[in-house]
Amino acid sequence: MSEFVPRNFIQNIIDEDLKENRVKKIHTRFPPEPNGYLHIGHAKSICLNFGLALEYGGLCNLRYDDTNPSKEDQEYVESIERDVRWLGFDWEDRKFYASDYFEKMYESAEQLIKDGKAYVCDLSPEEIREYRGTLTEPGKESPYRNRSVEENLDLFRRMRAGEFPDGSRTLRAKMDMASPNLNMRDPVLYRILRATHHRTGDNWCVYPMYDFAHPISDALEGITHSICTLEFEDHRPLYDWVINNLDLGCKPRQIEFARLNLTNTVMSKRKLRELVEKGYVDGWDDPRMPTISGIRRRGYTPSSIRDFCERIGVAKANSTVDISLLEHCIREELNLTAPRVMAVLRPLKVIIDNYPEGQVEELPAENNPQNPELGSRTLLFSREIYIEQEDFMEDPPKKYFRLSPGKEVRLKHAYIIKCERVVKDEKTGEVVELHCTYDPQTRSGLDQSGRKVKGTLHWVSARHAVPAEVRLYDHLFINASDQAENGEQQEEDMILNPDSLERLTNCLIEPSVQGAKPGDRFQFMRQGYFCVDLDSTADRLVFNRIVSLKDSWAKQGKK
RNA sequence: UGGGGCGUCGCCAAGCGGUAAGGCAACGGACUCUGACUCCGUCAUGCGCAGGUUCGAAUCCUGCCGCCCUAGCCA
């Protein structure tokens, strides 16, 4: 984990608020709408809000912003809680719902009416739009704007009582139809909506709008810093208006920051939903998805995500973080914690002609050279083994230091072997088998020969290896206008990567992985970090590639 | 077009008038029984542009330019 912890502008604001005694103890909240699955962009917000509370010895609430029953569902609240917990944060007994405050919000609305600051408007949605004006022209006042307090109160109560059809009337704040900020042109506070709410059922047929509900929820919970994304910047005057025109005993401060964008993926709920619904991925938790559930299934650790969120920083400039930073974070952690194991993904048979038939040798192998505490295991070596197809080339390029005819390599933790003969399929010409000889003097740890070879290969014993399926993942999207020097990548410029998943079903892995459970992580030597998938069964393991190892040889090839 | 916000290395991002942190990526090299890891080195005379103030400006002022948000009874 990095020790580098940058201070961001929000921390500066909080420091100032503390210093000036505007607040004594900070209190934040993470306010998702339960209408979809959380993604890594939400993780940034979660880490920010809970992280700030932790850092300053304050509190952070979990609060569902459930003011629109037509879009929300209980299914989502469960997944949200699982995800926040998985990330390592705890809201203790502070799980709230905006819907908990519906009665209080309703009372607040009546108070605004009594104060002459809100009115019931009979304009249709289309009319409201017309009356709102445009970016350059001021709006017109609603003909219902000057109803008496009594009439407004009566109408509003009857709205609540269900006397009017959906959409027929609204409660609006009396602000300024000429404001250059369209949000201030008498915004709607309440609408009539007959939909069953996931918590309040059919108790209500009027529901508060976000702009009214959010500041009230914040104030009621004693939130000191209400952190949201940039698009709400224009709503801040409205947020403040609600806070200042109601006596809620608390004046939270709204602060906006830039949401996270990542290269090679999409983040909008709409596009993620589309991937799922059109079957481009297997579900919300498909390991290629940037959802928290997808990332978790892929094999990322919570700590690597927290590290990532810390490293990307918090600022107000729109930005797109290179996904290689995320990959760096998980590699860095797993390098220290993941046991190493040998797995052959695309097997090529090797027969060691001078190795005694039927002999099996036990070879000791450390589980993690970076971390001796992870101990060691015993490998089984025999006459027939498998190596990786790409570790042999009949006609190798310069600087290829793997196996080729007449050349030598070391088998990791075992012997140096030499390739003597290549057996090919007569029809296809495909290499099907290699015959090699080994040098008994070169056994790892006991090597007296003093011989040096450039290449070291991973391998498995044919008799002892266990079969497995391995799923290789690549970026979900590639940039169509690839490597455009102009930097920032737009979601629109991206096309689905047709090779984002490669399923290998004939993999062979050393027997020590037997008994591994879903979620267990390994480094497959020379290949990458892998995680046992949920699809594994008692007799067949399935692995997800979390991330490959860096590969400077592959990079050579691209030049 | 009104209003709001933002422009510091390929990507993030510090910096708050005293002479451009750091991370990722990239590129060299060392080491290596993982072409991994690790280590060493390179990578902004420059902070959107142009003027101005100042002994001194990424930081202050003026004017431009570019990008994002905004005309839901969504959040």
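See above for the structure.
Calculation notes
Per chain, the residues get numbers from 1 upward, laid out in the order the sequence is written. Numbering of ligands from 1 and lettering of chains from A proceed in the order in which they are written. The model is predicted, so local features are restricted to residues of pLDDT at least 70 and side-chain atom pairs to those at 80 or more, both for listing and for counting; the totals for chains, interfaces and linings are taken over all residues. In computing side-chain values, all of the structure's heavy atoms are included and hydrogens and water are not. In these notes, a set of buried Ala, Val, Leu, Ile, Met, Phe, Trp, Tyr and Cys residues joined through side-chain atoms within 4.5 Å is what counts as a nonpolar core. Each residue is placed in one exposure class: buried if its accessible area under a 1.4 Å probe, protein chains only, is under 20% of its type's maximum, exposed if it is over 50%, and partly exposed if it falls in between. To qualify as a helix, a DSSP run of H or I must reach at least 4 residues; to qualify as a strand, a run of E must reach at least 2; elements of each kind are numbered from the N terminus. Either an automatic procedure or a domain database provided the assignment from which the domain bounds are taken. In what follows, residue pairs with any heavy atoms lying within 4.5 Å of each other are defined as contacts. One heavy atom within 4 Å of a molecule or strand makes the whole residue count as near it. Between N or O atoms, a polar contact is any pair within 3.5 Å; within protein, one atom must be a potential hydrogen donor and the other a potential acceptor, and residues adjacent in sequence are included only when both atoms are from side chains. When residues are sorted by character, Ala, Val, Leu, Ile, Met, Phe, Trp, Tyr, Cys and Pro go into the nonpolar class, Asp, Glu, Lys and Arg into the charged class, and all the rest, Gly among them, into the polar class. Cavity: a set of points on a 1 Å grid over the protein atoms alone where a 1.4 Å probe fits but cannot get out. Pocket: an open set with protein on both sides within 12 Å along at least five of seven lines, its lining residues, like those of a cavity, having an atom within 4 Å of a point. Grid points are joined across faces, edges and corners, and a volume is the space filled by probe spheres set on the points. Each pair of aromatic rings taken from Phe, Tyr and Trp, with Trp reduced to its six-membered ring, is defined by centres within 6.5 Å and is described as stacked if the planes are under 30 degrees apart, edge-to-face if over 60, and tilted in the remaining cases. Working rule: Lys NZ or Arg CZ, within 6 Å of ring centre, within 35 degrees of ring normal, means a charge sits over the ring.

Draft legend 1. Here's a closer look at the nonpolar core. Core analysis: the biggest nonpolar cluster contains 40 residues, and Ile40, Val84, Ile305 and Phe308 have the highest contact counts within it. Top contributing element to this core by residue count: helix H2 (residues 40-55), with six residues. Residues lining this core come from more than one domain, with at least three contributed by each of domain 1 (9-257) and domain 2 (269-339 + 468-558). Sequence-distant contacts of Ile305, that is, excluding residues within four places in its chain, are made with Ile40, Ala43, Trp86, Leu87, Ile295, Tyr300 and Leu326. Core analysis: the next-biggest nonpolar cluster, separate from the first, contains 38 residues, Ala98, Ile113, Met159 and Leu193 among them.

Draft legend 2. View of the protein's contact with RNA strand B. The local shell around RNA strand B holds 72 residues, among which Thr136, Arg340, Arg402, Lys412 and Ser444 are the closest. Separating a base nitrogen of RNA strand B from a backbone N or O atom of Pro125 is a distance of 3.2 Å. Within the side chain of Lys412, one N or O atom sits 2.6 Å away from a sugar or linking oxygen of RNA strand B. Elements with a minimum of two residues in the surface near RNA strand B: helix H5 (125-132), strand E6 (188-192), helix H11 (302-312), strand E11 (319-321), helix H12 (323-337) and helix H13 (552-558). Counted by class, the surface near RNA strand B contains 24 nonpolar, 23 polar and 25 charged residues.

Draft legend 3. Highlighting empty space enclosed by the protein. Taken as a whole, this structure holds four cavities of 30 Å³ or more when the rule is applied. Of the pockets and cavities examined, the largest cavity occupies roughly 200 Å³. Arg288, Met289, Arg298, Ile323 and Leu326 are the residues nearest the centre of the largest cavity, which is lined by 17 residues in total. Counting only elements with at least two residues in the lining of the largest cavity, the list comes to helix H10 (292-298) and H12. The greatest single-element share of the lining of the largest cavity, amounting to three residues, is contributed by H12. Computed from the structure, the second largest cavity encloses a volume of approximately 60 Å³. Looking at the second largest cavity, the residues that line it are Met342, Leu379, Leu380, Trp459, Val460, Ser461, His464, Ala465, Glu510 and Pro511. Broken down by secondary-structure element, the contributors of at least two residues to the lining of the second largest cavity are strand E16 (376-381) and strand E22 (459-461). Among the elements that make up the lining of the second largest cavity, the one with the highest residue count is E22 (three residues). Considered class by class, the residues forming the lining of the second largest cavity number seven nonpolar, two polar and one charged.

Draft legend 4. Structural context of the packing of aromatic side chains. On inspection of all chains with the given rule, the structure shows 20 aromatic pairs. With a centroid separation of 5.2 Å and an interplanar angle of 90°, the aromatic rings of Phe381 and Trp459 are classed as edge-to-face. Residue Phe381 is located in strand E16, and its partner Trp459 is located in strand E22; the two are separated by 78 residues in the primary sequence. Overall, Phe381 belongs to the buried group, its relative accessible area being 0%. Here the aromatic residues Phe102, Tyr106, Phe156, Tyr190, Trp204, Tyr207 and Phe212 are joined through ring pairs into a cluster of three or more. Its end group placed over the ring of Tyr97, Arg199 keeps NZ or CZ at 3.5 Å from the ring centre. Sitting over the face of the ring of Trp86, Arg296 holds its NZ or CZ atom 5.5 Å from the ring centroid.

Draft legend 5. Looking closely at the layout of surface pockets. Volume-wise, the second largest pocket comes out at about 980 Å³. As for the second largest pocket, its lining consists of 35 residues, and the residues nearest its centre are His42, Glu231, Phe232, Arg259 and Lys269. When contributions to the lining of the second largest pocket are tallied by element, the ones reaching two or more residues are strand E1 (27-30), H2, helix H7 (210-220), strand E8 (225-229) and strand E10 (260-262). Tallied by class, the residues present in the lining of the second largest pocket amount to 13 nonpolar, 12 polar and 10 charged.

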